[in-house]
Amino acid sequence: MTKIKSETKTNRSAPQIKEIREKFAKLLDKDRDRFEEVDIKRVMEDDWFVKRFLLARGKKTDGAYKMLVSTLEWRKEQGFATLPANYFPAELYYVNGMFDYEPDREGNTTIHIRVRYILRCGPLVPHAVKWASKFFYDLDTRLEGAFYTVVIDFADCGLKNAEFDFIRHALNVLKNYIPACLKRILVVDLPLILRFGYGLVRGWIPESGRNILIFLTRAELDTYIDKENLPDYLGGTNKRAYQGMRMVPEGCPSAVEYGLRAGVPLDQCLKIAKVYEPLVKEIGLYELDAGDCLVDRVEKEIRCIKEGKQISSLRIPAPAAA
């Protein structure tokens, strides 16, 4: 995966980068606790990290500085630097409706969003959004400011998948908190019934940047991404895992455990279970019999936890032996 190193040529921006750093250093003297130390280090040492904000604000120093400060405050408020990956429920990683994958033909890291795994379910949105934000934070830190191509797959989607808040948030994070790194958005197989989504996605992108939005079919993806770098569900031949137990960080709570810890009310937990039951059974997320009711099993699980009993009602299958 391509990384954009801090050695990237920035000669013409050097005076502006210096000015931003000087203003930031003065702010640190007064209120250093507003920011994470790891972010402070990136501002003071990584030219590209700063230059991204200049590019996002038309090379205007004041606007770039304000955007930079706002982004660092957001990162601090969210606590991403110290938030472990296993804070989130195992089910989010198992289903993995969003993940990074192999580069496109230009070397940009690809981020895949599978909309069929994002169902309309209001109670789940704030938790999925926080998980997505942490995903982007970790990815940007790991790849040190890489460029990205986002692939949004709408195959097998209907109105039940019209949860555009998640997609809007993902694009908003890339646009506002990881600026100048989004190279292309590939919208794949958008069904007729969701064509209203075109206007939504288009509206989330500044008019000057809408040329990055491309609608296409699976058969046309090879124009932008080699089949060897595509996952199988997009007609690719790459064998890298993107879903299942192998994607789950060690020590993750179950969705029920997470819901109780996060204070999600019982009725909302059961609503999430009801909405996701068909999908859960389709992908074999739990060891469920054909006639099992997921809502009943979730309610039983919650009762067991609250009563301090051994938890065994819902289990994610272990990965098959390699």
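Before any of the text, the structure's been laid out above.
Residues numbered from 1 in each chain as written. Predicted model: local features only at pLDDT ≥ 70, side-chain atom pairs only at ≥ 80, totals over all residues. Heavy atoms only, no water.

Draft legend 1. Local environment of the nonpolar core. In terms of nonpolar packing, the biggest core is built from 72 residues, with Met98, Ile111, Phe136, Tyr148, Phe154 and Ile185 touching the most fellow members. At eight residues, the largest contribution of residues to this core is made by helix H6 (residues 125-143). Dropping the residues within four chain positions of it, Met98 is found in contact with Ile111, His112, Ile113, Trp131, Ala132, Phe135, Phe136, Phe166 and Ala170. With 18 residues, the next largest nonpolar core counts Leu28, Val43, Leu54 and Tyr65 among its residues. (Core = buried A, V, L, I, M, F, W, Y, C linked by side-chain atoms within 4.5 Å. Buried < 20%, exposed > 50% of the residue type's maximum accessible area, 1.4 Å probe, protein only. Helix = DSSP H or I, 4+ residues; strand = E, 2+ residues; numbered from the N terminus. Contact = heavy atoms within 4.5 Å.)

Draft legend 2. View of the sheet that holds strand S5 (residues 213-216). Reading across from one edge, S1-S2-S3-S4-S5 is the order of the five strands in this open sheet, with mixed pairing throughout. Only two strands of the sheet have a single partner each, and these edge strands are strand S1 (98-101) and S5. The mean inter-strand angle of the sheet, taken between neighbouring strand axes irrespective of direction, is 20 degrees. Note that strand S2 (residues 109-114) and strand S3 (residues 148-153) share six bridges and pair parallel. Residue pairing in the sheet places Arg114 in a bridge with Asp153 of S3. Each of S1, S2 and S3 is contacted by H6, which is oriented at about 15 degrees to S1, the strand it contacts most. (Pairing = 2+ DSSP bridges. Axes fitted to C-alpha atoms, helices over the stretch in contact; angles between N-to-C directions.)

Draft legend 3. Molecular detail of the packing of helix H2 (residues 37-45) against helix H3 (residues 47-56). Their axes nearest at 5 Å, the elements H2 and H3 cross at an angle of 85 degrees. By the angle between their directions, the pair H2 and H3 is classed as roughly perpendicular. From H2, Arg42, Val43 and Glu45 reach across to H3, where they touch Asp47, Phe49, Val50 and Arg52. For the contact of H2 with H3, the per-class residue count stands at three nonpolar, no polar and four charged. (Parallel < 35°, antiparallel > 145°, perpendicular 65-115°, else oblique. Nonpolar A, V, L, I, M, F, W, Y, C, P; charged D, E, K, R; others polar.)

Draft legend 4. Spatial organisation of H3. With seven of ten residues buried, H3 lies mostly within the body of the structure. The complete set of buried residues in H3 reads Trp48, Phe49, Val50, Lys51, Arg52, Phe53 and Leu54. Considering only its buried residues, H3 is in contact with helix H1 (14-31), H2, helix H4 (61-78) and H6. Downstream of H3 by one or two residues, Gly58 has phi in the positive range, about 60 degrees.

Draft legend 5. Spatial organisation of the packing of aromatic side chains. Considering all chains together, one arrives at 14 aromatic pairs under this definition. Measuring from ring centre to ring centre gives 3.9 Å for Trp74 and Tyr177, while their planes differ by 5 degrees; the resulting arrangement is stacked. Within this pair, whereas Trp74 is found in helix H4, its partner Tyr177 is found in the loop between helix H7 (164-176) and strand S4 (182-188), the two being separated by 103 residues in sequence. Here Trp74 matches Tyr177 in class, with each residue buried. Among the aromatic residues, those joined into a ring-pair cluster are Trp74, Phe80, Tyr137 and Tyr177. Over the ring of Tyr87 we find Arg261, and its NZ or CZ is 4.5 Å from the ring centre. (Phe/Tyr/Trp six-rings, centres within 6.5 Å; stacked < 30°, edge-to-face > 60°. Lys NZ or Arg CZ within 6 Å of the ring centre and 35° of its normal.)

That is the geometry; function is a separate question.
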